[in-house]
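Here is how the chains run, residue by residue.
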Amino acid sequence: MTDPSGEEARPRVVVIDDSTVIRGGFATVHPGLEVMATYASVEEFEASPVACDVVVLDLLLRGPQGVSSSTKQGRAAIRALRDLGHPVCLYTDERRAIVLALCLRAGANGVVHKSDPPEVAVRAVDGIRLGQVAITQSLVGLTELLDRRGASLDLSPRQRQVISARARGRHWGDIAATLFISEDTAREHYRAACLKLRDYLQHASPGDIERAVGTAPGDVLDEE
């Protein structure tokens, strides 16, 4: 996407986070993103929305009086934003793979950790804007685990090799050299595998995910 001057346009984002520090500093920390507006809650955004390419959403939102039954957060917040037609990138400290998997099941397009370098967030948001899925290292490992336990991910042999390598923290150059492919090709296999993970999670029941991951019954609760 280019702006009228012919330069590459920055992804336009709305940031929803209950932290005043995050809202106030997000644009400064992420100059590669154009912050259109910030909100403390999904309800504030619903009441006064602005156009954007991606909504950057904190997973746990507490209202001024703390969390209440009327506060949209977690999967309920994701579904509300998706119903409005907005791609969602979670921006969170949460690292439990099963929790993040259920967020993808609810419709999130990707996950970025708040401790990640700013350029990671920018790349993730830009990819989401283009229809890709951005997943964390823990979800790469979950993809490999699901595949090993027979989940219907339908990964190709090459996608399986790339995911296995990424789950072990190997760099793109190393993966490409080992598989005798270019880094761009390795990344494309990775992106395709991420899409397959999201598609699987969106169609699998929480019980299916429990059985595939090996958690105990009830560890993953169905949606409200």
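None of the values given here were measured: they were computed from a predicted structure. (Residues numbered from 1 in each chain as written. Predicted model: local features only at pLDDT ≥ 70, side-chain atom pairs only at ≥ 80, totals over all residues. Heavy atoms only, no water.)

## A word on the confidence of the model for the protein chain
Note: predicted coordinates in regions of low pLDDT should not be interpreted at a detailed level.
Alright, step 1. Of all residues in the protein chain, 88% attain a pLDDT of 70 or more, and the chain-wide mean is 86.
Alright, step 2. Note that pLDDT drops below 50 for residues 216–224; the model gives that stretch 21 contacts with residues more than four away or on any other chain. (pLDDT = per-residue confidence, 0-100. Contact = heavy atoms within 4.5 Å.)

## With respect to the pattern of salt bridges
Alright, step 1. If you walk through the whole model with that rule in mind, you get 11 salt bridges.
Alright, step 2. Between arginine 168 and glutamate 144 there is a salt bridge, with the nearest N and O atoms lying 2.7 Å from each other. In this pair, arginine 168 is assigned in the loop between helix H7 (157–167) and helix H8 (172–179) and glutamate 144 in helix H6 (residues 137–148), connecting sequence segments 24 residues apart.
Alright, step 3. Taking relative accessible area as the criterion, arginine 168 reaches 55% and is therefore assigned exposed.
Alright, step 4. What makes glutamate 144 buried here is its relative accessible area of 13%.
Alright, step 5. Its salt-bridge partner being arginine 170, residue aspartate 174 comes within 2.9 Å of it at the nearest N-O pair.
Alright, step 6. Using a relative accessible area of 37% as the deciding quantity, one classes aspartate 174 as partly exposed.
Alright, step 7. In the salt-bridge network here, residues are joined through shared partners; they are Asp17, Asp58 and Lys114. (Salt bridge = Lys/Arg side-chain N within 4 Å of Asp/Glu carboxyl O. Helix = DSSP H or I, 4+ residues; strand = E, 2+ residues; numbered from the N terminus. Buried < 20%, exposed > 50% of the residue type's maximum accessible area, 1.4 Å probe, protein only.)

## Overview of helix H3 (residues 74–83)
Alright, step 1. Within the span of H3, buried status applies to Gly74, Arg75, Ala77, Ile78, Ala80 and Leu81.
Alright, step 2. Next to the buried residues of H3 lie strand E1 (12–16), helix H2 (42–47), strand E3 (54–57), strand E4 (88–92) and helix H4 (97–106).
Alright, step 3. The positive-phi residue at the C-terminal boundary of H3 is glycine 85, with phi of around 90°.

## Observations regarding the sheet that holds E1
Alright, step 1. One open sheet accounts for 5 strands, arranged E2-E1-E3-E4-E5; its pairing is parallel. Whereas interior strands pair on both sides, the edge strands pair on one side only; in this sheet they are strand E2 (34–39) and strand E5 (110–113). Strand-to-strand twist of the sheet, defined as the mean angle between neighbouring strand axes without regard to direction, takes the value 25°.
Alright, step 2. Pairing geometry for E4 and E5, over 4 bridges, is parallel. Among the inter-strand pairings, cysteine 89 is bridged to a residue of E5, identified as glycine 110. (Pairing = 2+ DSSP bridges. Axes fitted to C-alpha atoms, helices over the stretch in contact; angles between N-to-C directions.)

## A closer look at the pairing of E4
Alright, step 1. For E4, a buried count of 5 out of 5 residues is recorded, marking the element as mostly surrounded by other parts of the structure.
Alright, step 2. Burial of E4 is two-sided: the residues Val88, Leu90 and Thr92 facing one way and the residues Cys89 and Tyr91 facing the other way are all buried.
Alright, step 3. Direction of pairing for E3 relative to E4: parallel, over a ladder of 3 bridges. Note on E4: the bridge partner recorded for valine 55 is valine 88.

## Some remarks on the nonpolar core
Alright, step 1. Ile16, Leu57, Leu90 and Ile135 are the most contacted members of the largest nonpolar core, which has 51 residues in total.
Alright, step 2. Once residues within four sequence positions are removed from consideration, isoleucine 135 is found in contact with Leu104, Val111, Val140, Thr143, Tyr190, Cys194 and Leu197.
Alright, step 3. Residues Val13, Val54, Val112 and Ala134 belong to the second largest nonpolar core, which totals 15 residues. (Core = buried A, V, L, I, M, F, W, Y, C linked by side-chain atoms within 4.5 Å.)

## Describing unusual backbone geometry
Alright, step 1. Phi at aspartate 154 takes a positive value of approximately 60°, unusual for a residue other than glycine.
Alright, step 2. Note on placement: aspartate 154 falls in the loop between H6 and H7.
Alright, step 3. For phenylalanine 180, which is not glycine, the phi dihedral falls at a positive 60°.
Alright, step 4. Examined against the element boundaries, phenylalanine 180 turns out to sit in the loop between H8 and helix H9 (183–203).

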